[in-house]
Amino acid sequence: MTQRSGCPINLATEALGDRWSIVLLRDIMFGDKRTFRDLLTNSLEGIATNILASRLKSLEAAGFLTSAPDPNHKQRTIYSLTEMAIALLPAMIALGAWGRQFLPTAPELAIRNKVLEDGGPELQAAFMDELRARHLGTPDIWDGPPVSERLQAAYEAEVAMQSSNEN
């Protein structure tokens, strides 16, 4: 990525590219979707294959992702977040908090963000450490249960509550 000076918000949004880039980072970060197929078939927004391929390439070129062959499957590539992408977590949480406040969001899709927001900097830092361990291979220094398990449990509880409210 070329170094330029200018407005940090403009440069940041330019680096991220577009909506799909943020969606892909979200799915990798919060959903642990790490392969092309997983991102394609499990995207809530239904991303097209050509857009997915293009965005993965651009996110890799911009330094947000790395890719490596899957040792268990010759034709599969595993995408990993870089430190630059993991450092976006607080911004992603802030965007989610803003969205929950001002836009009609689905409770089951907003719950992970709310848990991280309510957990404050300590829980967010623990999740970032967990992401570093998973994507960068660094030791996970958090001594509690994995934050991802807490986020998944909150999601499942919210889905169950929404389901029972509909019946």
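Parameters at a glance
Counting restarts for each chain, with residues numbered from 1 along the sequence as it is written. Predicted model: local features are reported for residues with pLDDT of at least 70 only, side-chain atom pairs are reported and counted for 80 or more only, and whole-chain, interface and lining totals are derived from all residues. Based on all heavy atoms of the structure, the side-chain values leave hydrogens and waters out of the count. Grid points spaced at 1 Å over the protein atoms alone were grouped into cavities, where a 1.4 Å probe fits but cannot get out, and pockets, open sets with protein on both sides within 12 Å along at least five of seven lines, with lining residues defined by an atom within 4 Å of a point. Grid points are joined across faces, edges and corners, and a volume is the space filled by probe spheres set on the points. The numbering of helices and of strands both runs from the N terminus, where a helix is a DSSP run of H or I of at least 4 residues and a strand a run of E of at least 2. When a carboxyl oxygen of Asp or Glu lies within 4 Å of a side-chain nitrogen of Lys or Arg, that pair is called a salt bridge. Type-normalised accessible area, obtained with a 1.4 Å probe on protein chains alone, sets the label of each residue: buried when under 20%, exposed when over 50%, and partly exposed for intermediate values. In short, DSSP must find at least two bridges between two strands for them to pair. Pairing of aromatic rings covers Phe, Tyr and the six-membered ring of Trp, with a centre-to-centre limit of 6.5 Å; geometry is then stacked below 30 degrees between planes, edge-to-face above 60, and tilted otherwise. Two conditions define a charge located above a ring, namely a distance within 6 Å from the ring centre to NZ of Lys or CZ of Arg, and an angle within 35 degrees of the ring normal.

Novice: Could you clarify how one ought to interpret the layout of surface pockets in this entry?
Specialist: The gaps of empty space that remain are located by a probe, the size of a water molecule, rolled over the atoms. Volume-wise, the largest pocket comes out at about 880 Å³. Surrounding the largest pocket, 25 residues form its lining, Arg26, Phe30, Glu45, Leu109 and Ala110 being those nearest its centre. Elements supplying a minimum of two residues to the lining of the largest pocket: helix H2 (19–31), helix H6 (89–102) and helix H7 (107–136). The dominant element in the lining of the largest pocket, judged by the number of residues it contributes, is H2, at 7 residues.

Novice: Honestly, unusual backbone geometry in this entry has me stumped. Any pointers?
Specialist: Trans is the common state for peptide bonds, and a negative phi is the common state for residues other than glycine. Of note in this structure, Asp32 is not a glycine but carries a positive phi near 50°. With respect to the helices and strands, Asp32 occurs in the loop between H2 and helix H3 (36–41).

Novice: How should I be thinking about the pattern of salt bridges in this particular structure?
Specialist: Side chains that differ in charge, positive against negative, can pair when their charged atoms come close. What the rule picks out here adds up to 10 salt bridges. The partner of Arg55 in a salt bridge is Asp18, and the shortest N-O contact between them spans 2.7 Å. Taken together, the positions of Arg55 in helix H4 (residues 49–61) and Asp18 in the loop between helix H1 (8–16) and H2 put the pair 37 residues apart, joining distant regions of the chain. Here Arg55 falls in the buried class, since its relative accessible area comes to 19%. For Glu130, the salt bridge identified is with Arg134, shortest N-O distance 2.7 Å. Here Glu130 pairs with Arg134, and both are found in helix H7, just 4 residues apart, close to one helical turn. Relative accessible area serves as the criterion here: at 5%, Glu130 is assigned to the buried category. In this structure Arg134 comes out as partly exposed when scored by relative accessible area, which is 26%.

Novice: Explain the pairing of strand S1 (residues 65–70) here, please?
Specialist: Taken residue by residue, a regular strand's side chains alternate between the two faces of the sheet. Alignment of S1 against strand S2 (residues 73–81), held across 6 bridges, turns out to be antiparallel. Across the sheet, the residue bridging to Thr66 is Ser80, located in S2. Once S1 ends, the chain turns through 2 residues before running back antiparallel as S2.

Novice: Please clarify how the packing of aromatic side chains should be interpreted in this entry.
Specialist: Centre distance and the angle of the planes are the two values used to describe a pair of aromatic rings. Applying the stated criterion to the full structure yields 2 aromatic pairs. The interplanar angle of 45° and the centroid separation of 5.8 Å between the aromatic rings of Trp98 and Phe102 together place this pair among those described as tilted. One end of the pair is Trp98 and the other is Phe102, both in helix H6 and 4 residues apart, which spans about a single turn. Its relative accessible area of 51% is what places Phe102 among the exposed residues. The ring of Trp20 carries Arg19 above its face, with NZ or CZ at 4.6 Å from the centroid. The side chain of Arg112 reaches across the aromatic face of Tyr155, ending 4.3 Å from its centre.

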